[in-house]
Amino acid sequence: MIKILLIASDFNLRQLYHELLFSKNIEVVPISTISSAMVLLSLEDFPTIVIHIDGNSSEAEVFLNLRKKHPTWLKSRILLLTHDPKLGENLEKSDLMLNTGQLPPRQIASKIKSEIYI
């Protein structure tokens, strides 16, 4: 079973959470803030971190910059769901950014699943 950390505060992503939750091979750990996720990441490793950014992206930018200083956090692959293309500059080569404005939650969930199983 693949464990993913889903950081999403947007109420509209409930469908995305449920799409991933009922996947047989995925265990979803939902967190509502990036600061809570950083605490959890200091206690546990996740192979994949899905971050949904809708609105203020400064907290995500700080997280992505801090990630470069934590070798264990760099082991996690980031799937960034955002409207802000500038955040992609802080991603590593193995990470992926999806423009959530162009995709409904079901397609986002499908894309996440396909990226996890690569």
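Before any of the text, the structure's been laid out above.
Computed from a predicted model, the values in this text were never measured in an experiment.

Draft legend 1. Geometry of helix H3 (residues 58–67). Looking only at H3, the buried set comprises Ala60, Phe63, Leu64 and Arg67. Axial view of H3: buried residues confined to an arc of 95°, hence all on one face. Contacts from the buried residues of H3 go to helix H2 (34–43), strand S3 (48–52), helix H4 (71–74) and strand S4 (77–82).

Draft legend 2. View of the packing of helix H1 (residues 14–21) against helix H5 (residues 105–116). One can describe the packing of H1 onto H5 by two numbers: an axis separation of 9 Å at closest approach and a directional angle of 40°. Regarding the angle of H1 to H5, the classification is oblique. Two packed elements cross with a definite hand, and for H1 against H5 that hand is right-handed. Contacts between H1 and H5 involve Gln15, Leu16, Glu19 and Leu20 from the first element and Pro105, Arg106, Ile108, Ala109, Ile112 and Lys113 from the second. Tallied by class, residues from the contact of H1 with H5 come to six nonpolar, one polar and three charged.

Draft legend 3. How the structure looks around the sheet that holds strand S1 (residues 2–7). In spatial order, the strands read S2-S1-S3-S4-S5; together these five strands make up an open sheet with parallel pairing. Looking at strand neighbours, the two that pair on one side only are strand S2 (26–31) and strand S5 (96–99), the edges of this open sheet. Between one strand and the next, the sheet's axes are offset by a mean angle of 20°, whatever the strand orientation. Both S1 and S3 contribute to a ladder of four bridges, which runs parallel.

Draft legend 4. Local environment of H5. With 12 residues, H5 extends 16 Å between its outermost C-alpha atoms, agreeing within 8% with the 16 Å of an ideal straight helix rising 1.5 Å per residue. Ile108, Ala109, Ile112, Glu115 and Ile116 are the residues of H5 that are buried. The buried residues of H5 occupy an angular sector of 130° when the element is viewed end-on, so they sit on one face. Where H5 is buried, its residues meet S1, H1, S2, S3, S4 and S5.

Draft legend 5. Region of interest: the side chain of Asn90. Positionally, Asn90 belongs in the loop between S4 and S5. On the accessibility criterion, Asn90 (12% relative accessible area) is buried. If near-sequence neighbours (up to four positions away) are discounted, Asn90 is found in contact with Glu61, Leu64, Asn65 and Lys68.

About the cut-offs
- Residues numbered from 1 in each chain as written.
- Predicted model: local features only at pLDDT ≥ 70, side-chain atom pairs only at ≥ 80, totals over all residues.
- Heavy atoms only, no water.
- Buried < 20%, exposed > 50% of the residue type's maximum accessible area, 1.4 Å probe, protein only.
- Helix = DSSP H or I, 4+ residues; strand = E, 2+ residues; numbered from the N terminus.
- Arc of directions from axis to C-beta.
- Contact = heavy atoms within 4.5 Å.
- Axes fitted to C-alpha atoms, helices over the stretch in contact; angles between N-to-C directions.
- Parallel < 35°, antiparallel > 145°, perpendicular 65-115°, else oblique.
- Left-handed = near helix turned anticlockwise from the far one by under 90°.
- Nonpolar A, V, L, I, M, F, W, Y, C, P; charged D, E, K, R; others polar.
- Pairing = 2+ DSSP bridges.
- Expected span 1.5 Å × (residues − 1).

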